[in-house]
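# Coordinates in review
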Amino acid sequence: MGYFLQNIVNALQWGSFYALVAIGYSMVYGVLMLFNFAHGDVFMVGAYIGFFTASGLMALAAMGSIAIPGWLILILTLIIAMFLNSFVGMAVERIGYRPLRDAPRASAAITGLMIGIILETGNLALLGAQRRAFPPLIPPTVYKVGGVYITNQKIVIIVVALALTLALHQFVQHTKWGMAMRAMAYDFLVVPLMGIPINTIAALTFALGSALAAAAGVLYGVAYPVLGPYMGIIIGWKAFVAAILGGRGSILGAASAGFLLGFIEIFVTMIFPSTMRDFIAYTIILLILTFLPNGFFGEPYSAKLRL
Amino acid sequence: MSRKHFILLTVVLVLAIAALAACSGGGAKVIKVGINAPLTGSIPKVGEGTKYSAQMWLADINKAGGLQVGNKKYKVELVIEDNESKADSAVKANTKMITQDNVLVIIGPQSSKQAVPAGEVANNYKTPMISPWSTNPKTTLNRPWVFRGCFLDPFQGPVIANFVTNQFGFTKAAVLYDIASDYPKGLAEYFKKAWEKLHGAGSVVAYESFTHGDTDFSAQLTAINKSGAQFLFTPQYYSEVALIVKQAHQLGWNKPIVGSDSWGSAELIKLCGSDCYGDYFSTHYAAAGAKGATKAFIDRYNAKYGYVPDDVAALTWDSLNIAKTAIQNCGKLTGKIATDRKCVRDAMANIKNFDGITGKMTFNESGDPSKCAVIVKISDKGEFKFFKQVCPTK
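Residues numbered from 1 in each chain as written. Chains lettered and ligands numbered in written order. Predicted model: local features only at pLDDT ≥ 70, side-chain atom pairs only at ≥ 80, totals over all residues. Heavy atoms only, no water.

## Points about the overall build of chain B
- A tally of helices and strands in chain B yields twelve helices and 15 strands.
- Here chain B holds 394 residues, and the buried ones make up 56% of them.
- Of all intrachain contacts in chain B linking residues separated by at least 6 positions in sequence, the fraction that spans at least 24 positions is 68%.
- Of the roughly 15600 Å² of accessible surface on chain B, 55% is carried by carbon and sulfur atoms. (Helix = DSSP H or I, 4+ residues; strand = E, 2+ residues; numbered from the N terminus. Buried < 20%, exposed > 50% of the residue type's maximum accessible area, 1.4 Å probe, protein only. Contact = heavy atoms within 4.5 Å. Areas by Shrake-Rupley, 256 points an atom, 1.4 Å probe, with all protein chains shown as cover.)

Put into structure tokens, the structure is as follows:
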């Protein structure tokens, strides 16, 4: 039993990253009908911004010899990284996607791939190939609860991921900006006629998605403190799978699919030899998509809405 | 374009090509040494150590005014190619250095994942190659042109199994390794075989794997925790070791973790921190407490680059000096690259008791030296302290 519960905790932590990154994919896809393949690398940039912010804050604290507690640095790092990375997201939209808004979809898709490669190799050129050790902001404390090992880090990661998901869901469902985003997802062509500034909404969508990716990046740094320029690729692919599985544009769908992916990966490893993990996990997802082609919360495409 | 112009253009082109060919072929007074190193990718610190060692070696030769072969002095040039820690890029790098740069001998690649396929290229093109750090037998097996500067995994696996048995008296082992990479996969198998020979079938109670690039090992480590193993053996590279050790501790694992020579990077402690203190691994040399020529090398490297060289740097140094000795023993270079390569290969195979900073080396018929392994303990200050030496039994 303890073994089973331990793996649930493991899966919740691992799923948190997929969920946060998947939401960014899903929002851009929902609102703009774009696959932003650079999103995994935006996550990587967020992690690096978090790394430099955290290192800077710690150096500052050491210099002024003020005792800033680690959790405060973590909160500040999260906020600053989310803020700065939203500009990275907006820059990606402005430079990469806006000029191509009327271009064929395939052109926009390869733009994402190219920006992703530019971000990876740009990082490699600027910062070099060596791995960065994310500073231990909150030293892990291990608690044993009924045969299950939980650390304070795990709790923070899972709570922050869930809180950000719910906050974003509220934003999209209950604010005017959110309504504008949903309207754009519903009909791209009519929305400008209603006086909604589509460029602003597009930028906002990228900014929110990238902010969440930065949060994922910082939390990832806390849990897996070895950063490298290519760390975003695999997470990006898998989060993309989660975004589609969740259903187009659905925030809760993307998040739950992200967690589901985490669960499938961890539990496949628990039951089968770990070598089979991705093979079995992604076969399961293929099966789910066969029976639910629109994902969990997606609505079928309507010919009258989309050209 | 008129006929005249066309002919003129053709002539110019032919002359240009001829001139180029003359430049590259006529420079018989230059010896090119190829370095195939992982400067980027998952183990960049290994590439850095390789490059720094090679540059130090070259500086020595330049200081002496070149390399004396027979009665002539040759200028030495390094051709350093990045293999991005990838197998296919290592193959490309070797092919380029052999066919375009006309290198006389190749040093590298370092890890078996790249050295096994790259060795095939060197062997096919009949170019001598030494991998300083690749411990997988396949690198040199049936390849007369390929050598290595270190011991092999069929030796290292039992060394670790015996060490743990004698030191701790354990009988139940857990193994966690990357199944998509030649070195960890090979070594995990040799270790398992050796351990089961000592303690019987089923004594490896958990044999868990992951795939290159994974960062979360919680499911595997939870299974290892449950298996009742007394220690964990993980033959991984330094960036993965940091993640594995930290995650294991967070899942309540407080038993020993034992590693192999891939742990010994100067970067390990930077990434792993105090989590790795007190753990053991097998390696090629221990920097803390070295004497003689080894100490001289360490001090020079440390003064120049600001950190204690890891085993890769030391083995690369030895491999370069083996190449140098082989070229000198060759006696005379003809300037014909194929002939010279053959001459260097034969000279290399005949080197006896080469006195390297990581031990004495004589190659056997498959191009492997017989060398001792060192067990290192990571001290509470993060130093790699000599713990024990294990030599092959003759």
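## Let's talk about the interface of chain A and chain B
- Each partner contributes residues to the interface: chain A has 27 residues there, and chain B has 29 residues.
- A combined buried area of about 2400 Å² lies between chain A and chain B, and 59% of that area is made up of carbon and sulfur atoms.
- Connecting chain A to chain B are one salt bridge.
- Here R277(A) ties to D214(B) by a salt bridge, and the two come within 3.1 Å at their closest N and O atoms.
- Between chain A and chain B we count seven residue pairs in polar contact (both at pLDDT 80 or more) in total.
- Among the secondary structure elements, those contributing two or more residues to the side of chain A that touches chain B are α1 (2-32), β1 (132-133), β3 (148-151), α5 (152-174) and α9 (251-271) of chain A.
- In terms of residue count, the dominant contributor to the side of chain A that touches chain B is α1(A) (six residues).
- Looking at the side of chain A that touches chain B residue by residue, the class counts come to 13 nonpolar, ten polar and four charged. (Buried area = accessible area lost by both parts, 1.4 Å probe. Salt bridge = Lys/Arg side-chain N within 4 Å of Asp/Glu carboxyl O. Polar contact = N/O pair within 3.5 Å; in protein donor to acceptor, adjacent residues only side chain to side chain. Nonpolar A, V, L, I, M, F, W, Y, C, P; charged D, E, K, R; others polar.)

## A word on the sheet that holds strand β6 (residues 146-148) of chain B
Residues and elements named next belong to chain B.
- Sheet architecture is open: six strands sit in the order β2-β3-β1-β4-β5-β6, paired in mixed fashion. Two strands close off the open sheet at either side, each with one partner strand: β2 (67-69) and β6. Direction aside, the axes of adjacent strands within the sheet are offset by 30° on average.
- Pairing of β2 with strand β3 (residues 72-82) involves three bridges; the strand directions are antiparallel. (Pairing = 2+ DSSP bridges. Axes fitted to C-alpha atoms, helices over the stretch in contact; angles between N-to-C directions.)

## Let's talk about helix α8 (residues 232-246) of chain A
Residue and element names in this part refer to chain A.
- End to end, α8 covers 20 Å across 15 residues, agreeing with the expected 21 Å (1.5 Å per residue, within 8%).
- Turning to α8, the residues buried within the fold contact α1, α2 (39-63), α7 (198-223), α9 and α10 (277-291).
- One or two residues past the end of α8 sits G247, with phi positive at roughly 110°. (Expected span 1.5 Å × (residues − 1).)

## Some points on unusual backbone geometry
Residue and element names in this part refer to chain B.
- The step from G108 to P109 runs through a cis peptide bond, and the omega angle for that step is -15°.
- Here P109 shows up in the loop between β4 (105-107) and α4 (112-124).
- Residues other than glycine seldom take positive phi values, yet N102 does so here, at roughly 55°.
- Along the chain, N102 falls in the loop between α3 (87-99) and β4.
- A relative accessible area of 33% places N102 in the partly exposed class.
- Unusually for a residue other than glycine, N142 sits at a positive phi of about 55°.

## With respect to the side chain of S203(B)
Residues and elements named next belong to chain B.
- For S203, the position within the fold is in the loop between α6 (182-199) and β8 (204-210).
- Given a relative accessible area of 5%, S203 falls into the buried group.
- Only 2.7 Å separates the side chain of S203 from the backbone oxygen of G200, close enough to count as a polar contact.
- When near neighbours in sequence (up to four residues on either side) are disregarded, S203 contacts T171, K172, A173, W195 and E196.

## Things to note about empty space enclosed by the protein
- Evaluated as defined, the whole model comprises five cavities of 30 Å³ or more.
- Taken as a whole, the largest cavity holds about 80 Å³ of empty space.
- Forming the walls of the largest cavity are L32(A), L34(A), E93(A), Y97(A), R98(A), L100(A), R101(A), R105(A), A108(A) and F188(A).
- Where the lining of the largest cavity is concerned, the elements lending two or more residues are α3 (70-97) and α4 (105-127) of chain A.
- The calculated volume of the second largest cavity comes to roughly 60 Å³.
- Lining the second largest cavity are Q13(A), K154(A), A223(A), Y224(A), D216(B), S218(B), Q247(B), Q250(B) and L251(B).
- In the lining of the second largest cavity, the residues fall into three nonpolar, four polar and two charged. (1 Å grid on protein atoms, 1.4 Å probe; cavity = no way out; pocket = protein on both sides within 12 Å on 5 of 7 lines; lining within 4 Å. Points joined across faces, edges and corners; volume = space filled by probe spheres on them.)

## Points about the sheet that holds β8(B)
All names here are of chain B.
- Read across the sheet, seven strands follow the order β8-β7-β9-β10-β11-β14-β15 without closing on themselves; strand pairing throughout is mixed. The strands lining the two open edges of the sheet, one partner per strand, are β8 and β15 (384-390). Across this sheet, the average inter-strand angle for adjacent strands is 20°, counted without regard to direction.
- Pairing geometry for strand β7 (residues 173-178) and strand β9 (residues 231-233), over three bridges, is parallel. Directly across from A174, in β9, lies its bridge partner L232.
- Most of the contacts of helix α7 (residues 218-227) go to β8, to which it runs at about 180°, and overall it touches β7, β8 and β9.

## Let's talk about helix α8 (residues 238-250) of chain B
Residues and elements named next belong to chain B.
- Across its 13 residues, α8 extends 19 Å between first and last C-alpha, which sits within 8% of the 18 Å expected from 1.5 Å per residue.
- Counting buried positions over the 13 residues of α8 gives twelve, a clear majority of the element.
- Buried residues of α8: Y238, S239, E240, V241, A242, L243, I244, V245, K246, Q247, A248 and Q250, and no others.
- A positive backbone phi angle near 90° is found at G252, which sits one or two residues after α8.

## Here we look at the packing of aromatic side chains
- With the rule as written, the count across this model stands at 42 aromatic pairs over all chains.
- A ring pair is formed by Y29(A) and F35(A), whose centres lie 4.9 Å apart and whose planes are at 20°; its orientation type is stacked.
- The side chain of K45(B) reaches across the aromatic face of Y307(B), ending 4.2 Å from its centre.
- One Lys or Arg, K226(B), reaches over the ring of Y3(A) and ends 4.2 Å from the middle of that ring. (Phe/Tyr/Trp six-rings, centres within 6.5 Å; stacked < 30°, edge-to-face > 60°. Lys NZ or Arg CZ within 6 Å of the ring centre and 35° of its normal.)

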